[in-house]
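These are the residues of each chain, in order.
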Amino acid sequence: ELRRVRVRRRLPEGAAMVLSQDEIDGCRDAFLAFDKDRSGTIDVWELRQVLEAMGQKPTEEELFQMISEVDENMSGSIDFAEFLKVIENQKERAENFDDENDMIDAFVACGGEPDKGGHVRRETLVKIIKHDFGLTIDIEELINKIDTDLSGEIEFEEFKALLS
């Protein structure tokens, strides 16, 4: 059984601790909540539940990748120390996430231009959101709120506002 202990790890010289003590405590609570059989480890399915409870939506491939990156004993499940490595890796990835470039990529994928010019047609965005992704949000209402010039064409700044 995992007890509440302070986790102290040796870091390479000059390296910063990725997770704060509060984050480590939160991770411990999440780990314990999803280690249903109290084995001291969680498997890929339990990991999915933990990450979803923390607001992430990993794919099956991402889950197996996360475990393979930290599962030093190749057991197919991860203990608490390995779980902390998964969370640290996720946090580092999130910090390196380039929002602006990703927004431009999404804009281009929907019909805009790489220089932020052009536009995304209303019908295209509705099709992508409702039919391609199957989301049930009221995309028409959201578009109405951001398409201030009522052109039916979503320029980059409107697109960015819609997805932010």
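Structure first, text after, so check above.
Figured I'd write up the structure that's included with this text.

About the criteria used
Residues numbered from 1 in each chain as written. Predicted model: local features only at pLDDT ≥ 70, side-chain atom pairs only at ≥ 80, totals over all residues. Heavy atoms only, no water. Phe/Tyr/Trp six-rings, centres within 6.5 Å; stacked < 30°, edge-to-face > 60°. Helix = DSSP H or I, 4+ residues; strand = E, 2+ residues; numbered from the N terminus. Buried < 20%, exposed > 50% of the residue type's maximum accessible area, 1.4 Å probe, protein only. Core = buried A, V, L, I, M, F, W, Y, C linked by side-chain atoms within 4.5 Å. Contact = heavy atoms within 4.5 Å. Arc of directions from axis to C-beta. Salt bridge = Lys/Arg side-chain N within 4 Å of Asp/Glu carboxyl O.

A closer look at the packing of aromatic side chains
This structure, assessed with the given rule, holds six aromatic pairs. Plain terms: the ring middles of W45 and F64 are 6.2 Å apart, the flat faces sit at 90° to each other, and that makes the pair edge-to-face. Separated by 19 residues along the polypeptide, W45 in helix 2 (residues 44–53) and F64 in helix 3 (residues 60–70) bring together distant segments of the chain. On the basis of relative accessible area, W45 is assigned to the partly exposed category, the value being 46%. Between F80 and F83 the ring centres are 6.4 Å apart and the planes differ by 35°, which places this aromatic pair in the tilted class. Here the residue F80 and the residue F83 both occupy positions in helix 4 (residues 80–96), the gap between them amounting to three residues, near one helical turn. An aromatic cluster of at least three residues, connected via ring pairs, comprises F31, F80 and F83.

Quick word on the nonpolar core
In this structure, C27, I42, L47, I78, F80 and F83 are the most contacted members of the largest nonpolar core, which totals 21 residues. Only helix 1 (21–34), helix 2, helix 3 and helix 4 provide two or more residues apiece to this core. Residue contacts for C27: discarding those within four places in its chain leaves L19, M54, F80, F83, L84 and I87. In this structure, I104, C110, V126 and I139 belong to the second largest nonpolar core, which totals 16 residues.

Some details on unusual backbone geometry
In this structure, R38 is a non-glycine residue whose phi angle is positive, near 55°. Tracing the chain through its elements places R38 in the loop between helix 1 and strand 1 (41–42). On the basis of relative accessible area, R38 is assigned to the partly exposed category, the value being 47%.

Points about helix 3
Buried within helix 3 are the following residues: L63, M66, I67 and V70. Axial view of helix 3: buried residues confined to an arc of 90°, hence all on one face.

A closer look at the pattern of salt bridges
What the rule picks out here adds up to seven salt bridges. The partner of D132 in a salt bridge is K127, and the shortest N-O contact between them spans 2.9 Å. Residue classification places K127 among the partly exposed residues on the basis of a relative accessible area of 44%. In this structure, K145 engages E141 in a salt bridge whose closest nitrogen and oxygen atoms are separated by 3.4 Å.

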